[in-house]
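Fold and geometry: a report
Below are the chains, spelled out letter by letter.
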Amino acid sequence: AAGLLRVLDPDGRLIREISVGETAAGSLGLYGNFVFLGYTDGRFGAFDLSTGKKKWSIRLGGIPVGPPVTDGRIVFVVLSNHVLAALRAKRGDLLWWRPLAGRAAFPPCLHGVHVFAGSRSAVFQAFAAGDGTEETAFTAASEILAPAEKIGSKIYLMTSGNTDDEGFVFALDRAPPRAPEKPKTPEVKK
């Protein structure tokens, strides 16, 4: 609320205090010396922790729902206005944004060349990280209950069940599919 970002060492001692200006809102995302954060007025921006300087800021209309994730080139953020946005991490250029299937509730999950987004719906969306093309969508029988988790080549997803005490966990395989083998044709000698 004071418009300050405080950087602490592992023992809790103050290393640096950075003025971020407005009131920050939502979750922070960290990558190297960068911190990505949202503001109550719907802006999203990045600060360099080593210098304390703002790198960029852009108005996206919502605040981060869970921490943003990045591969170092692109930062992905689910926003309270029910969209998934992809921005160039170093400059803040908006690359793409896509509507969520339901109410924003969970952070994005980056896995290889895909970014996944679950929302308060039964639909689990997957997008190509580079251009936002929706490549797959998994539809469960009931609402998604928790953020997706990646472990190895699988994405784990929890949904509600038919009763209050029931829930399901799905393991979705995101390993690249194997190309089918071409049948060998016999050589014909002339």
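Residue positions within a chain follow its written sequence, with the count starting from 1. Only residues with pLDDT of 70 or above have their local features reported here, since the model is predicted, and side-chain atom pairs are shown and tallied only from 80 upward, although totals for entire chains, interfaces and linings are computed over all residues. To obtain the side-chain values, all non-hydrogen atoms of the structure were used and water was disregarded.

The next subject is the sheet that holds strand 18 (residues 167-173). When DSSP finds at least two bridges between two strands, those strands are taken to pair. Secondary structure elements follow DSSP: runs of H or I of four or more residues count as helices, runs of E of two or more count as strands, with numbering from the N terminus. One open sheet accounts for 3 strands, arranged 16-17-18; its pairing is antiparallel. Each edge of the sheet is formed by a strand with only one pairing partner; in this case those strands are strand 16 (149-151) and strand 18. On average, adjacent strands in this sheet sit at an angle of 30 degrees to one another, irrespective of strand direction. Of the strand pairs in this sheet, strand 17 (residues 154-160) and strand 18 are connected by 7 bridges, and their pairing is antiparallel. Pairing of serine 160 across the sheet is with glycine 167, part of strand 18. A fitted line through C-alpha atoms represents every axis, and for helices the fit uses only the stretch in contact; the resulting angles, taken between N-to-C directions, go from 0 to 180 degrees.

Ring pairs shown here join Phe, Tyr and Trp side chains whose ring centres sit within 6.5 Å, with only the six-membered ring taken for Trp; geometry is labelled stacked below 30 degrees between planes, edge-to-face above 60, and tilted in between. Enumeration over the complete set of coordinates arrives at 7 aromatic pairs. On the numbers, 6.5 Å between centres and 10 degrees between planes, the contact of phenylalanine 36 with phenylalanine 44 is stacked. Owing to a relative accessible area of 0%, phenylalanine 44 belongs among the buried residues under this scheme. Ring geometry for phenylalanine 36 against tryptophan 56: centres 6.2 Å apart, planes inclined by 45 degrees, an arrangement best described as tilted. Within this pair, whereas phenylalanine 36 is found in strand 4 (residues 34-39), its partner tryptophan 56 is found in strand 6 (residues 54-59), the two being separated by 20 residues in sequence. The classification of residues rests on relative accessible area computed with a 1.4 Å probe and restricted to protein chains. Under 20% of the type maximum is buried, over 50% is exposed, and intermediate values are partly exposed.

The patch calculation keeps residues exceeding 30% relative accessible area without a salt bridge and links them within 9 Å when they carry like charges or within 5 Å when they are nonpolar (Val, Leu, Ile, Met, Phe, Trp, Tyr). Surface accessibility follows the Shrake-Rupley procedure with a 1.4 Å probe radius. Residue values consider only the protein chains on display as shielding. Any carboxyl oxygen of Asp or Glu within 4 Å of a side-chain nitrogen of Lys or Arg constitutes a salt bridge here. Together, Leu145, Ile151, Tyr156, Met158 and Val169 line one region of the surface with nonpolar side chains, adding up to about 440 Å² of accessible area. Tracing the backbone through its elements, the reader meets isoleucine 151 in strand 16.

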